[in-house]
Amino acid sequence: MQMLPLFTFAAPQLWLQVVLFVAGVVIVLWGADRLTDGAVGLAERVGVPQIVIGLTIVSIGTSMPEFFVSLMSAINGTPDLAVGNVVGSNIFNTAFIVGVAAMICPIRILPATVKKDMPFAIVSSVVLLAMCFDSSVSRVDALLLLAMFGMFMYITLKGARANFGQGPDGCSVKKRAMAVSRSVTLLVVGLACLVLGSNVFVDNASAIAANLGMSEALIGLTIVACGTSLPELATTVVAARRGNSGIAIGNVLGSNVFNILMILGLTGLISPMDIQGITCVDLGALLLSIVVLWLFSFTKYRVERWEGALLAAGFLGYMAYLVSQAA
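Residues numbered from 1 in each chain as written. Predicted model: local features only at pLDDT ≥ 70, side-chain atom pairs only at ≥ 80, totals over all residues. Heavy atoms only, no water.

Undergrad: For the overall build of the protein chain, give the residues involved together with the corresponding values.
TA: Across its full length, the protein chain carries 12 helices and four strands. For the protein chain, with 327 residues in total, the buried portion stands at 52%. Intrachain contacts of the protein chain at a sequence separation of at least 6 include 86% that bridge at least 24 residues. On the protein chain, roughly 14400 Å² of surface is accessible, and the fraction owed to carbon and sulfur atoms is 71%. (Helix = DSSP H or I, 4+ residues; strand = E, 2+ residues; numbered from the N terminus. Buried < 20%, exposed > 50% of the residue type's maximum accessible area, 1.4 Å probe, protein only. Contact = heavy atoms within 4.5 Å. Areas by Shrake-Rupley, 256 points an atom, 1.4 Å probe, with all protein chains shown as cover.)

Undergrad: How would you sum up the packing of helix 5 (residues 111–131) against helix 11 (residues 280–300)? Please name residues and give values.
TA: Two elements in contact, helix 5 and helix 11, have axes whose closest approach is 10 Å; the angle formed by their N-to-C orientations is 165°. Classified by the interaxial angle, the pair formed by helix 5 and helix 11 is roughly antiparallel. Of the two possible hands of crossing, helix 5 and helix 11 adopt the one that is left-handed. For the pair helix 5 and helix 11, the contacting residues are Val 114, Met 118, Pro 119, Ala 121, Ile 122, Ser 125, Val 126, Leu 128 and Leu 129 in the first and Leu 283, Leu 286, Leu 287, Ile 290, Val 291, Leu 293, Trp 294, Ser 297 and Phe 298 in the second. (Axes fitted to C-alpha atoms, helices over the stretch in contact; angles between N-to-C directions. Parallel < 35°, antiparallel > 145°, perpendicular 65-115°, else oblique. Left-handed = near helix turned anticlockwise from the far one by under 90°.)

Undergrad: An account of the pattern of salt bridges is requested, with residue identities and associated values reported.
TA: In the structure shown here, the tally under the stated rule is two salt bridges. Residue Asp 117 pairs with Lys 116 through a salt bridge whose shortest N-O separation is 2.7 Å. For Asp 117, a relative accessible area of 4% puts it in the buried group. One salt bridge in this structure joins Arg 302 and Glu 304, with 3.1 Å as the shortest N-O distance. The exposure class assigned to Arg 302 is partly exposed, which follows from its relative accessible area of 28%. (Salt bridge = Lys/Arg side-chain N within 4 Å of Asp/Glu carboxyl O.)

Undergrad: Tell me about empty space enclosed by the protein, and name the residues and values.
TA: Per the counting criterion, the structure on display carries two cavities of 30 Å³ or more. There is about 30 Å³ of room inside the second largest cavity. Looking at the second largest cavity, the residues that line it are Asn 90, Thr 94, Ala 121, Ser 125, Asn 256, Ile 260, Leu 286 and Ile 290. Those elements that place two or more of their residues in the lining of the second largest cavity are helix 4 (79–104), helix 5, helix 10 (245–270) and helix 11. Grouping the constituent residues of the lining of the second largest cavity by class yields four nonpolar, four polar and no charged. (1 Å grid on protein atoms, 1.4 Å probe; cavity = no way out; pocket = protein on both sides within 12 Å on 5 of 7 lines; lining within 4 Å. Points joined across faces, edges and corners; volume = space filled by probe spheres on them. Nonpolar A, V, L, I, M, F, W, Y, C, P; charged D, E, K, R; others polar.)

Undergrad: So what about the packing of aromatic side chains? Which residues, and what values?
TA: Applying the stated criterion across every chain, the model contains seven aromatic pairs. Each ring, one from Phe 92 and one from Phe 315, has its centre 5.2 Å from the other, and the planes form 75°; the classification is edge-to-face. With Phe 92 in helix 4 and Phe 315 in helix 12 (residues 305–326), this pair connects stretches of sequence that are 223 residues apart. In this structure, Phe 92 and Phe 315 share a single accessibility class: buried. Summarising the aromatic geometry, the rings of Phe 96 and Phe 315 are spaced 5.4 Å apart at their centres and angled 45° between planes, so their arrangement reads as tilted. With Phe 96 in helix 4 and Phe 315 in helix 12, this pair connects stretches of sequence that are 219 residues apart. (Phe/Tyr/Trp six-rings, centres within 6.5 Å; stacked < 30°, edge-to-face > 60°.)

Undergrad: Describe in detail the environment of Arg 242, supporting the description with residues and values.
TA: If you trace the backbone, Arg 242 turns up in the loop between helix 9 (230–241) and helix 10. Once residues within four sequence positions are removed from consideration, Arg 242 is found in contact with Asp 33, Thr 36 and Asp 37.

Undergrad: Pulling in residues and values, what's your account of helix 9?
TA: With 12 residues, helix 9 extends 16 Å between its outermost C-alpha atoms, agreeing within 8% with the 16 Å of an ideal straight helix rising 1.5 Å per residue. Buried within helix 9 are the following residues: Leu 230, Pro 231, Glu 232, Leu 233, Ala 234, Thr 235, Thr 236, Val 237, Val 238, Ala 239 and Ala 240. After helix 9 finishes, the residue Gly 243 shows a positive phi value of roughly 85°. (Expected span 1.5 Å × (residues − 1).)

Undergrad: Outline the state of the cysteines, listing residues and values.
TA: One way to say it: the disulfide is the covalent bond shared by the sulfur atoms of two cysteines. Counted under the stated rule, the structure contains zero disulfides. The thiol sulfur of Cys 132 is not disulfide-bonded, and the nearest other cysteine sulfur, from Cys 280, lies at 9.4 Å. Given the relative accessible area of 10%, Cys 132 is considered buried. (Disulfide = S-S within 2.5 Å.)

Undergrad: I'd like to hear about unusual backbone geometry, residue by residue, with values.
TA: A positive phi angle, near 55°, is found at Tyr 301, a position not held by glycine. Tracing the backbone through its elements, the reader meets Tyr 301 in the loop between helix 11 and strand 4 (302–303). Its relative accessible area of 28% is what places Tyr 301 among the partly exposed residues.

Structure follows, in structure tokens:
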């Protein structure tokens, strides 16, 4: 009897939240299409491999939701949320996003990515793991993270100059279909839609979950962590479906490196972080996911459908563990 007034008066608001939730998903998917078109067009026009565009412009743009969440957490004096957001998002990126993308279309990995970019992502995870041993990230730690990010960008851009004049997959460019101005416009519009859509998605998904009686802890561990990675999911899946493997894998690897080195670096400078809620299981899952992806990539420089299914299943198992601990 006490539940009837809740459903009677909350129903209109709940329906509005559902509509906005769906709208957020639509905006993100539309933005992912525009972002992918612009990124591929820019790579072809400028003569830079897709992996470089994915590691830089696309990955940084799709990491903006994580950046805003972590930055506001530091400003509001809750740095533990900043670390949890980054760790959870990176696990989601590596395991679930790559897994789903590979199940849709096997992802081809360039040898240079396996030998250079993936090891750098692994090193970044190991450095974060080492910093968490004393349950804190100091300003000195933050400066080290930022220095490593500068090194990563230098190496990536240096590689881009070495491959200048080549096509998205390392081949010479013979035709350039899209103007640079149009490519940049699509990139900007796509990124704006991803940030806007993901914010609408997270806000209304959290509100729906609260109306359905889910705890705040469970909402944070599931909806918010996965919701801030929705741009990476949409962009990577769209890129993989279109056969743009460089954009797909570059987006994930670049986002992971950006999340750890740049986001936590800036957050740590603003507010040194005392880490309380991040466990060895969380950090172990972070490191294990990227190492497994690296090992899969060595086989035939591809992530096959069955390997993608295994990655996605591993993520779902990790989420089930989190839910069982939060219950």
